[in-house]
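Summary of structural features
What follows is each chain in one-letter form.
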Amino acid sequence: MSTMDSISRLVRTRITQIVIVVCLLSAAAGYYFSNPQLDAFNAELNLWNMDIVIFTLFIGLITVFFSYSKSVSARTSEWPFRLYALVLIAAWIVMGLYSGLYSDTYQTAYLSTKITLHIAILGQLIFFYLSAMYRTFRVKTLRTGILVIFALAMILLNSPIITSNWSPADAISYWLLNYPGMGGARAIVLVAGVGGIILAIRILMGLEKSALRATGG
Amino acid sequence: MILFTPLIEQITPKTGQMFNLAIFIIMGVLVYLSYSFARQGRTWTIRPMEALDAIQEGIGRAAEMGKPVLEFPGISGLSAPATIAGLTMLGEMTERAIKVNVPVNTIPSDTGVVTACESIIRDAYNRAGKPEKYELGKYVKWYGTDQFVYAVGGAGHILAEKPAMVVYLGYFLADVLVTGEAGARVGALQIGGTTDQSAISLMALTCDYILMGEEMYALTAAITGDKYQLATIAASDWIKALLIFLMIAGVLFTAAGLKNVISFMWW
């Protein structure tokens, strides 16, 4: 291994780990304790974090730009869409830099295309819901069977004809949502939180190599 | 020391957070303990996970069908633990798939995740001994950062490519229904894992196997079989046992009107 490789590896692994540990300890200390210097330090780190996020946004954009350009020049199957995306990316950047992000022209052009397309996409969602409902109501597994029973119960218990003619309906649907439903939801949130913290500890200890392999860990 | 004394004097613990801190420290100690046991030769096993077997089976299925595998790491950025879990799985899955000549494509949402995915896939090709097969932009597709643009782009990709297996691992919301339905329509083997409750139910509608909450975080430990990673999963079980004990104690003492006994929980 050459000296340059060793230095590169040191920078990408050990220094990355040190930075992660310092940031984690600082954020954790700020969460549990009050201290003006600590708060100021964390505020500074947040600014740095924002800088890094913006930097990665540029890196991501450049990656997309290069990979799409390559796809267009190689005429892969998706090249017309990628060319369209490239033209739009360039057009929006030029327009934003020229007229300003909050100018009427930019906002009108952005909103009139983005919101219109967004609503068109959301409009399609109902078809996906219907299709998924059809798939669910076929009850191919025990899991979907249980889901269907409770989904039907909730639909019926909240329908006007049942609620107006059967007084316990409200109380039953409330109980289903706020007791077994809430209990299950909290169990998922709780163990997911524990799992997330354990994953973080694994990364800090250098055990979870896969995610950090990108940085040579 | 003189410099630090005034600083330390100004540090005041936040009310209600000290019990959380104690739990956090206990978690760290338990993880270190399990890691030490593993170093001394103690081995841990993990219960069979259907989704894990399905991923191995899906790679084989893709090899037989000559079709690619697709992974969605979700709509969050690199700061979300769920995204990290998805990326970790991407690396492991890609390495296994390349060995049987199955390409793994991925569709991230965040542009930062795009860069990470490229690095992870390139590294997986290097580890598998096939660096010449990696091409920038060939395996990582990006359709946009907006939730539903991402979903529709992903669905379009699934309908065009017809992958043999689609894996959803990361943070998702209603968007997973769009991609999940597209995957179910092309007959792909679908495995979903997320921590959001609303997305879990949508995954249950469209996926063949689901990983709920922390199962997703345990997946890489299970697939690699690494004894140190498995040791940390054992530690998470100890922590869960501790939390269950505290919850039961909290309920019983509160019900008995002895809230003072457990007042340390609000410390």
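Residues numbered from 1 in each chain as written. Chains lettered and ligands numbered in written order. Predicted model: local features only at pLDDT ≥ 70, side-chain atom pairs only at ≥ 80, totals over all residues.

Points about the overall build of chain A
Each helix and strand in chain A was counted, giving eight helices and one strand. Listing the helices and strands of chain A from first to last along the sequence gives α-β-α-α-α-α-α-α-α. A globule of 217 residues ought to have a C-alpha radius of gyration of about 17 Å, yet chain A, at 26 Å, is considerably larger. Across its three principal directions, the C-alpha atoms of chain A cover 80 × 50 × 40 Å. By the burial criterion, 14% of the 217 residues in chain A qualify as buried. Summarising the internal contacts of chain A: among those between residues at least 6 apart in sequence, 19% fall at separations of at least 24. (Helix = DSSP H or I, 4+ residues; strand = E, 2+ residues; numbered from the N terminus. Rg over C-alpha atoms; globule rule 2.2 N^0.38 Å. Buried ≥ 20, exposed ≤ 12 C-beta atoms within 10 Å, placed from the backbone. Contact = placed C-beta atoms within 7 Å.)

A look at the overall build of chain B
Each helix and strand in chain B was counted, giving ten helices and six strands. Taking the principal axes of the C-alpha coordinates as reference, chain B spans close to 65 × 40 × 40 Å. Within chain B, buried positions represent 48% of all 267 residues. Put simply, 70% of the contacts in chain B that link residues at least 6 apart link residues at least 24 apart.

Quick word on the domain arrangement of chain A
Here chain A is partitioned into domain 1 (100–138) and domain 2 (139–217). Between the C-alpha centres of domain 1 of chain A and domain 2 of chain A the distance comes to 26 Å. (Domains from an automatic or database assignment.)

Observations regarding the nonpolar core
Ranked by internal contacts, the top residues of the largest apolar core, which has 90 residues, are Val69(B) and Cys117(B). Ranked by the residues each element gives to this core, the list is headed by helix α4 (residues 81–99) of chain B, at nine residues. (Core = buried A, V, L, I, M, F, W, Y, C linked by C-beta atoms within 7 Å.)

As for the pairing of strand β5 (residues 189–194) of chain B
All names here are of chain B. In terms of burial, β5 is a largely internal element, six of the six residues being buried. Of the two faces of β5, both are covered, the one formed by Leu189, Ile191 and Gly193 as well as the one formed by Gln190, Gly192 and Thr194. Where strand β4 (residues 165–171) lies against β5, five bridges are found, and the strand directions are parallel. Directly across from Val167, in β5, lies its bridge partner Ile191. Crossover β4 to β5 through helix α7 (residues 175–185) is right-handed. Examined bridge by bridge, β5 and strand β6 (residues 209–212) share four bridges and lie parallel to one another. Each residue of the ladder has a partner; that of Thr194, found in β6, is Met212. (Pairing = 2+ DSSP bridges. Right-handed = clockwise from strand over helix to strand, strands pointing away.)

Things to note about the interface of chain B and chain A
Opposite the 57 residues of chain B that make contact, chain A presents 53 residues. Among the elements that make up the side of chain B that touches chain A, the one with the highest residue count is helix α5 (residues 111–127) of chain B (nine residues). Here the side of chain B that touches chain A is built from residues that sort into 30 nonpolar, 20 polar and seven charged. (Nonpolar A, V, L, I, M, F, W, Y, C, P; charged D, E, K, R; others polar.)

Description of the packing of helix α7 (residues 168–204) of chain A against helix α9 (residues 214–224) of chain B
Put simply, α7(A) and α9(B) touch, their axes get as near as 7 Å, and they point 35° apart. Along its contact with α7(A), which presents Val191(A), Ala192(A), Val194(A), Gly195(A), Gly196(A), Ile198(A) and Leu199(A), the element α9(B) presents Glu214(B), Tyr217(B) and Ala218(B). The residue inventory of the contact of α7(A) with α9(B), partitioned by class, reads seven nonpolar, two polar and one charged. (Axes fitted to C-alpha atoms, helices over the stretch in contact; angles between N-to-C directions.)

Observations regarding helix α2 (residues 36–73) of chain A
Side chains three or four residues apart in an α-helix point the same way, a direct result of the helix having 3.6 residues per turn. Over its 38 residues, α2(A) extends 55 Å from the first C-alpha to the last, a length consistent with the 56 Å expected when each residue adds 1.5 Å. Those residues of α2(A) that sit buried are Thr56(A), Gly60(A), Thr63(A), Val64(A), Ser67(A), Tyr68(A) and Ser71(A). Structurally, α2(A) contributes buried residues whose contacts are with α3 (79–99) of chain A together with α5 of chain B. Of the residues flanking the end of α2(A), it is Arg75(A), one or two places downstream, whose phi is positive at about 55°. (Expected span 1.5 Å × (residues − 1).)

Describing the packing of helix α4 (residues 104–137) of chain A against α7(B)
Contact geometry for α4(A) and α7(B): axes closest at 10 Å, N-to-C directions at 55°. Put simply, α4(A) runs oblique to α7(B). Judged by the twist between their axes, the crossing of α4(A) over α7(B) is left-handed. Residues Leu125(A), Phe128(A), Tyr129(A), Ser131(A), Ala132(A) and Arg135(A) of α4(A) touch α7(B), and the partners they reach there are Leu177(B), Val178(B), Glu181(B) and Ala184(B). (Parallel < 35°, antiparallel > 145°, perpendicular 65-115°, else oblique. Left-handed = near helix turned anticlockwise from the far one by under 90°.)

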